[in-house]
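Chains, contacts and geometry: an overview
Listed below, chain by chain, are the residues.
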Amino acid sequence: MRIDGLQTLTLLDYPGKVACTVFTSGCNMRCPFCHNASLVCGEVPPFMEKEEFFAFLKKRTGVLDGVCVTGGEPLLQEGLIPFLLEVKEKGFTTKLDTNGLLHDRLRAVVEAGAVDYVAMDIKNCKARYAETAGVPGLDLAPIEKSVQFLMEGSVDYEFRTTVVKELHNKADFDEIGRWLKGAKCYFLQSFKDSGDILSLGLSPMEKADLLEIRDRLRAEIPVVELRGV
């Protein structure tokens, strides 16, 4: 389990929790809007050893509620389940961010009781998924299985989409709404240029358009909210 970055405090990454965020490197997608390009491409050295992280965590007992693990794609990491279980043994809750492509690994993490909350990215409607994920010929079957698995309610979860003006339109979200009909909650995250993205020339969608999309989606999904707007 490589730890390639650490945000020591976040009030945003884990809904309802004061948390820290662990970053892992490597990803099986190449989304052009990714804000962690250096992590995705594995171009960073390990940030800290696991033992150093748990020493940090011990000092934050009583301050932090939970630990988020993000990437990159954390499910690529060997040792993820033991790492998450150790975090839980220390008295913290755990959140996993994933693109859902490694369905079997996602199921294994949940069934091991290693994660309390899963945030799964929905890149776009099915017809434009491969384009938006940066993976020509992408097989959607495991992603569809991950969506179905989470909607069965084995673990608390959310779906979310980073909205990019050049990659998404209102009709795409009508399709997504039909796909995710009945999901617990769905967040529309406004694209922001972190300065470390894979492609140039991308921009956020206008707030008025995001609000219209949100309201249309609420016909299919009970809770739809905006983030970062």
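The structure contained in this document is the topic of the report that follows.

This part is about the overall build of the chain. Per the secondary structure count, the chain includes eight helices and eight strands. Compactness check: the chain gives a C-alpha radius of gyration of 17 Å against a globular reference of 17 Å for 229 residues, within 12% of the reference. Each principal axis of the C-alpha atoms in the chain carries an extent, and together these give about 50 × 35 × 30 Å. Considering only intrachain contacts with a sequence separation of at least 6, the fraction spanning at least 24 residues in the chain is 72%. Just so you have it, the chain exposes about 10,300 Å², and 51% of that area is on carbon and sulfur atoms.

Next up on the list: the packing of helix H7 (residues 170–179) against helix H8 (residues 207–217). H8 packs onto H7 with a crossing angle of 25° between their chain directions and a minimal axis gap of 10 Å. What the angle tells us is that H7 and H8 run roughly parallel. When the axes of H7 and H8 are compared, the crossing they make is right-handed. Of H8, the residues touching H7 (which contributes Lys170, Phe173, Asp174 and Gly177) are Asp209, Glu212, Ile213, Arg216 and Leu217. Residue composition of the contact of H7 with H8, grouped by class: three nonpolar, one polar and five charged.

Bringing the layout of surface pockets into the picture now. Considered as a void within the structure, the largest pocket measures approximately 1,000 Å³ in volume. Elements that contribute at least two residues to the lining of the largest pocket include exactly strand E1 (5–10), strand E2 (19–23), strand E4 (93–98), strand E6 (156–163) and strand E7 (185–190). Class assignment of the residues belonging to the lining of the largest pocket gives a composition of 12 nonpolar, 15 polar and 11 charged.

Attention shifts here to the sheet that holds E1. Here we have eight strands laid out as an open sheet, ordered E1-E2-E3-E4-E5-E6-E7-E8, and mixed in their pairing. The sheet is open, and its two borders are formed by E1 and strand E8 (223–227), each paired with just one other strand. Across the sheet, the mean angle from the axis of one strand to that of its neighbour is 20°, orientation sign disregarded. Judged from the four bridges that link them, E4 and strand E5 (residues 117–121) form a sheet pairing that is parallel. Among the inter-strand pairings, Lys95 is bridged to a residue of E5, identified as Tyr117.

About the criteria used
- Along each chain, residue indices are assigned from 1 in the same order as the chain's sequence is written.
- Where totals are concerned, whole chains, interfaces and linings use all residues; where local detail is concerned, this predicted model gives features only for residues with pLDDT of at least 70, and gives and counts side-chain atom pairs only at 80 or more.
- Excluding hydrogens and water, the side-chain values take into account all heavy atoms of the structure.
- The numbering of helices and of strands both runs from the N terminus, where a helix is a DSSP run of H or I of at least 4 residues and a strand a run of E of at least 2.
- This radius of gyration counts C-alpha atoms alone. The globule rule is 2.2 Å times how many residues there are, raised to the power 0.38.
- Note on contacts: a residue pair qualifies if any of its non-hydrogen atoms lie within 4.5 Å across the two residues.
- Computed by Shrake-Rupley with a 1.4 Å probe, the accessible areas treat only the displayed protein chains as cover when residues are assessed.
- Where helices are involved, their axes are fitted lines through C-alpha atoms of the stretch in contact, as for all axes, and angles between N-to-C directions lie from 0 to 180°.
- Under this scheme an angle from 65 to 115 degrees is roughly perpendicular, one under 35 degrees roughly parallel, and one over 145 degrees roughly antiparallel; angles in between are oblique.
- Working rule for handedness: look at the near helix, and if it is turned counterclockwise from the far one by less than a right angle, call the crossing left-handed; if clockwise, right-handed.
- Any residue that is not Ala, Val, Leu, Ile, Met, Phe, Trp, Tyr, Cys, Pro, Asp, Glu, Lys or Arg is counted as polar, Gly included; the first ten are nonpolar and the last four charged.
- Here a cavity is any set of points on a 1 Å grid over the protein atoms alone where a 1.4 Å probe fits but cannot get out, and a pocket is any open set with protein on both sides within 12 Å along at least 5 of 7 lines; a residue lines the site when it has an atom within 4 Å of a point.
- Grid points are joined across faces, edges and corners, and a volume is the space filled by probe spheres set on the points.
- At least two bridges found by DSSP between two strands are what make those strands a pair.

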